[in-house]
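Residue strings, one per chain:
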Amino acid sequence: MSKNDSSVVLEPAVVDDDTPEPPVSVPDSGDAGEGGKLKMIVQLVKKCLGVKDIASMRLSLPASLLEPIPNLEYWHYLDRPDLFAAINDSNDPFERMLAVIRFTFTKDLKFIHGKVCKPYNSVLGEHFRAHWDVLPLAYPDEPEQPPTPQSHLMPGGSALPAETTLVSETASVRSGKSSKSNRSGVSFLSRNKSVSTTATSPHPSIDGNVSAQMSKLSLDHGRNSNSSDSIDESARLRVVFVTEQVSHHPPVSAYYASCPSRNVELAGIDQISAKVSGTTIRVSPGQFNQGIFVNLTGGYGEGEKYHITHPSASVNGILRGSFYVTMSESTIITCGGGRPGQKFRTIIEYKEESWLGRAHFLVEGVVHTVHEGDMQHEEWTKVKHVPHSRIVAAFDGTWRGHIRWRRVGVGSYPAVSSSVASSPNPSHSQLPHPTLPTASESKADVSRPDTGDYATLIDLSYLQVVPKTVRPLEKQLSNESRKLWETVTDNLIRKEYSDATKEKMAIEQKQRDLAAERKKKGIEFVPRYFEKDISNGYPSLTPEGWKAVQEELEEDSAYETEGSDRAKLNT
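Just so we're clear, the structure is a prediction, and the values are computed from it rather than from any experiment. (Residues numbered from 1 in each chain as written. Predicted model: local features only at pLDDT ≥ 70, side-chain atom pairs only at ≥ 80, totals over all residues. Heavy atoms only, no water.)

Caption draft 1: Broad picture of the nonpolar core. The biggest cluster of nonpolar side chains holds 71 residues, and the ones touching the most others in it are Ile-101, Phe-105 and Val-294. No other element matches helix α4 (residues 93–106), which puts seven residues into this core. Setting aside residues up to four positions removed in sequence, Phe-105 forms contacts with Ile-348, Tyr-350, Val-363, Phe-395, Trp-399, Ile-403, Leu-457, Ile-458 and Leu-460. (Core = buried A, V, L, I, M, F, W, Y, C linked by side-chain atoms within 4.5 Å. Buried < 20%, exposed > 50% of the residue type's maximum accessible area, 1.4 Å probe, protein only. Helix = DSSP H or I, 4+ residues; strand = E, 2+ residues; numbered from the N terminus. Contact = heavy atoms within 4.5 Å.)

As structure tokens, this is what we get:
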């Protein structure tokens, strides 16, 4: 059945035994174009009006509305694993906090240079694993300047040739033979393209069969944007990632990532709550999602534990079919544990967008000291809440581009001289105190770098998502994401939307049958890679989970991709 067939496959409204709410289904319009998709999206939004939590419902969508990528592969926080690996590089605790802030701003890079899309819904027990081999950051001689990523920069960045072609990951997800994925589930957009023109359809693929398409892809493109002659392969750092769907209703997944050579690991629970508010979809952390937990297991920051909370987000442009994300509320980064001494806490405040005019994506924040035994700071969730005497650094800018920072006072300086990756001792007793800009001032001021006391914290406009390496299909288990959804992905890339919907329905029906069988026999589902108890928001790996991590650490660093020439996508 082709995309042009007039017959339409509709998903039956089957209610899962453990589904707390009735399913929301949208019939396929039969029109695979943008107009047809927009019509289906509007119908879906109408059906979700007044629903307390969309995420708790089983959304029964035609395959033509989905991006050809599994949910567990799409949702992760390692868009820049090199910045994650760099958290423990400095012997200065303040510099380590700055490193965590940089990682926090890059964890959702996919929404800056890509489009908002709907991946496949994960099924219970589905799992995904991947790894990255990244170059360590380079540190400048000037300690106030940020470290420099060595690869995967946009044209205009220092490590990417201007002629480099950007390609879609969704095609690379299809190929089990190919393990290099060039995007975390979203297609690249021009850096200068307005967010209001973002497409809602999957990235266009080459006409012809899938094998022909894959032979024209360079799935190794993202490994290194520089000439291979300039790379010291032995310097690469292995970062591994394992995740599993541990609950279906509500949808909850657990994840773990690690860079053992730099003594950094992170873990957490992913669950969202979503509801329609006006013409936007408001997304916030779910009950079990208590943020990201970063642990330093050795090195300079041994014993430090960073807790990063999630802000709220809104998906806008629904009625126009041009989706874009805005952020609101605050992210709090708290440091605990580690060696005795000064501890820091960060507030990242996302400025509310105006109902009128274009979005500005503004952010401001402060780093402040934490006094041992004092719990007063737990009430501080906005910049204005923090007493000026406790602030040691301030930053502002746009979370989609340039963010600047500067020190306030001398509380951020180390007591002893530090390494090249750390800050020097102050040569004076007092520094000028910056005045935090208001939202209106920020709109005028922070769109360009400041030449005063400010320095660059990070510039997200030049950073690409670093591609992941995934084991080929023949090495994957039946419940591993790419293997599980292989037939759906095949048909979506061929634009055989009716066949894709049928394959999707078959997978979902099998899961309902398994759930019914477990209920009949009184068997409770037990996750494979993570312990069942996730009540504290921090998942623990099972022996099988640790085995998967170790296997991923030992996996081949360069699986052969389809086509020995690793040709780039013809444009």
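Caption draft 2: Up close: the confidence of the model for the protein. Looking at the protein as a whole, the pLDDT averages 75, with 65% of positions reaching at least 70. Residue range residues 159–229 is modelled with pLDDT below 50. Its contacts to residues more than four positions away, or to other chains, number 221 contacts. Residue range residues 416–452 is modelled with pLDDT below 50. Its contacts to residues more than four positions away, or to other chains, number 68 contacts. (pLDDT = per-residue confidence, 0-100.)

Caption draft 3: Main features of unusual backbone geometry. In this model, His-249 is joined to Pro-250 through a cis peptide bond whose omega is 5°. Among the secondary structure elements, Pro-250 is positioned in the loop between β4 (237–247) and β5 (252–259). Here Asn-263, not a glycine, exhibits a phi torsion of approximately 55°, which is positive. The topology assignment puts Asn-263 in the loop between β5 and β6 (264–270).

Caption draft 4: Just helix α11 (residues 497–521), in detail. Under the 1.5 Å per step criterion, the end-to-end length of α11 is 36 Å for 25 residues, consistent within 8% with the ideal 36 Å. For α11, the set of buried residues is Tyr-497, Ser-498, Asp-499, Ala-500, Thr-501, Lys-504, Met-505, Ile-507, Glu-508, Gln-511 and Arg-512. Looking at the buried positions of α11, the neighbouring elements they touch are α9 (481–484) and α10 (486–493). Positive backbone phi, at 70°, marks Gly-522, one or two positions downstream of α11. (Expected span 1.5 Å × (residues − 1).)

Caption draft 5: Broad picture of the pairing of β6. With respect to burial, β6 is a largely interior element, seven of its seven residues being buried. A two-sided burial pattern is seen for β6, the buried positions comprising Val-264, Leu-266, Gly-268 and Asp-270 on one face and Glu-265, Ala-267 and Ile-269 on the other. In sequence, β5 turns back onto β6 through a hairpin of four residues, with Asn-263 there showing a positive phi of about 55°. As defined by bridge partners, β6 adjoins strand β9 (residues 292–296) across five bridges and the pair is classed as antiparallel. In the strand pairing of β9, Leu-266 is matched with Val-294. (Pairing = 2+ DSSP bridges.)

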